[in-house]
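Structural description and commentary
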Amino acid sequence: MEKGNNKRTVLVTGATGGLGTAMCKHLYKDGYRVVGNYVTQSKADKWLETMKAEGFDIKLFHGDVSDFDSTGAMIKKIEQEVGHIDTLVNNAGITRDGRLAKMKKDDWYDVINTNLNSVFNCTRQVLDGMIERNFGRIINISSVNGQRGQFGQTNYSAAKAGMHGFTKSLAMEVAKYGITVNTISPGYIGTDMVMAVPEKVLTQIIAQVPMGRLGGTHEVAHLVSFLASEETSFITGANYSINGGQHVY
Ligand code: CAA
Ligand code: NAP
């Protein structure tokens, strides 16, 4: 796999998932040094094998991003083995869909911990270095359902809306250090997460998308790589919709 000569290092959390994999490949092809985070060992082993066969030289590091200490240990290991992190993509996430009237306590806390508290856990522990070096890119992967709400997703929508609140506030705090903080809000993209939605419900959702289809992982990955670049130095606190026209406002 041909790689450019960009010296910046990008950490993608949830790298072994549908979007994470596409992001890693796209960033690598664009010349970044890419490191990924994973939580499930068996999935990571298979992922590394496939990526190696396809010619991608990308290291994976274990860490549960819903846990502050686990995340801290992972970041320390990356810094020792690879070097400092210039760009953080907060991508790891889960769904536990269901109406609030039926929602179990764990379905609420697991989603908030994995999708929102993870953003604090990761960002807080890479930020000091970015401030010292006067450069950083933080990219938070939110969702159209954080922008507009979705039946059955009080937990997920709250976490995803919270991510953009975090983006806006942190963007103000770190602008003077050359660090940008932005949100990407994808619509429905064809990954395992979306394929878990009941077929009948998914068909109805796709019918509401003016483009008439699910998004491709490469389409989101392209936007991530754009926001990681040096040239986007005046873009901060923004929320990029990428949803085929499903939610326009
Ligand atoms: N609007 C209004 N009413 C709805 C509804 C909707 N969108 N969906 C279901 N209902 C109603 C049903 O008609 C039914 O009503 P009655 O009882 O009056 O007949 C009732 O809700 C069914 O409620 P249940 O709690 O029994 O629901 P269920 O077990 O059938 O499942 C659900 C509900 C889990 C929310 C299911 O509809 C579902 O999975 N929906 C998809 C949610 C979704 O879009 N998730 C996205 C996952 S991918 C992702 O999150 C990525 C991303 O960022 C885009
Ligand atoms: P996916 O294929 O299910 O991937 C999610 C990834 O997150 C997996 O690699 C998963 O690892 C990892 N993860 C889960 N919990 C973790 C934890 N505690 N620590 C570290 N990693 C963890 O889903 P996806 O579609 O690629 O989603 C990626 C991100 O995009 C999520 O934040 C999602 O909410 C967001 N998003 C997706 C869509 C979409 O339509 N697909 C739309 C909008 C936003 P394991 O598999 O090992 O658990």
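Check the entry above for the structure.
Read on for an overview of the structure. (Residues numbered from 1 in each chain as written. Chains lettered and ligands numbered in written order. Predicted model: local features only at pLDDT ≥ 70, side-chain atom pairs only at ≥ 80, totals over all residues. Heavy atoms only, no water.)

Counting 29 residues, the largest nonpolar core has Met23 and Leu27 as its most contacted members. Mapped by element, the contributors of at least two residues to this core are strand 1 (9-12), helix 1 (18-29), strand 2 (33-38), helix 2 (41-53), strand 5 (136-141) and helix 9 (217-228). Setting aside anything within four residues of it in sequence, one finds Met23 in contact with Val12, Val89, Asn91, Ile141, Val220, Ala221 and Val224. Counting 20 residues, the second-largest nonpolar core is a separate cluster that includes Ile75, Ile78, Leu127 and Ala171. (Core = buried A, V, L, I, M, F, W, Y, C linked by side-chain atoms within 4.5 Å. Buried < 20%, exposed > 50% of the residue type's maximum accessible area, 1.4 Å probe, protein only. Helix = DSSP H or I, 4+ residues; strand = E, 2+ residues; numbered from the N terminus. Contact = heavy atoms within 4.5 Å.)

By the element assignment, Lys102 lies in the loop between strand 4 (87-90) and helix 4 (105-133). Along the primary structure Lys102 and Ile131 are separated by 29 residues, whereas in three dimensions their C-alpha atoms are 44 Å apart.

Let us now look at the site of ligand 1. The full set close to ligand 1 counts 19 residues, and Asp97, Arg99, Ser143, Tyr156 and Tyr188 are the nearest of them. Between ligand 1 and Gln150 there is a distance of 2.9 Å, counted from an oxygen atom to a side-chain nitrogen or oxygen. In isolation ligand 1 offers 1,100 Å² of accessible surface; the protein chains occlude 57% of this area. Elements with a contribution of two residues or more to the shell around ligand 1: helix 7 (192-195) and helix 8 (199-207). Classifying every residue of the shell around ligand 1 gives nine nonpolar, seven polar and three charged. (Near = heavy atom within 4 Å. Polar contact = N/O pair within 3.5 Å; in protein donor to acceptor, adjacent residues only side chain to side chain. Areas by Shrake-Rupley, 256 points an atom, 1.4 Å probe, with all protein chains shown as cover. Nonpolar A, V, L, I, M, F, W, Y, C, P; charged D, E, K, R; others polar.)

Our next topic: helix 4. Helix length check: helix 4, at 29 residues, gives a terminal C-alpha distance of 41 Å against a target of 42 Å (1.5 Å per residue), a fit within 8%. At Asn117, helix 4 shows its maximal kink, close to 45 degrees. (Expected span 1.5 Å × (residues − 1). Bend = angle between axes of the 7 residues up to and from the residue.)

Moving on, we get to the site of ligand 2. As a structural note, the neighbourhood of ligand 2 is formed by 30 residues, with Thr40, Lys43, Tyr156, Ile189 and Thr191 the closest of them. In this structure, Gly187 approaches ligand 2 through a main-chain N or O atom, which is 3.3 Å from an oxygen atom. Here Ile189 contributes a backbone N or O atom positioned 2.7 Å from an oxygen atom of ligand 2. Starting from 880 Å² of accessible surface for ligand 2 in isolation, the protein chains cover 90%. Counting residues per element, the ones that place at least two in the shell around ligand 2 are helix 1, helix 6 (154-174) and helix 7. Among the residues forming the shell around ligand 2, the class breakdown is twelve nonpolar, 15 polar and three charged.

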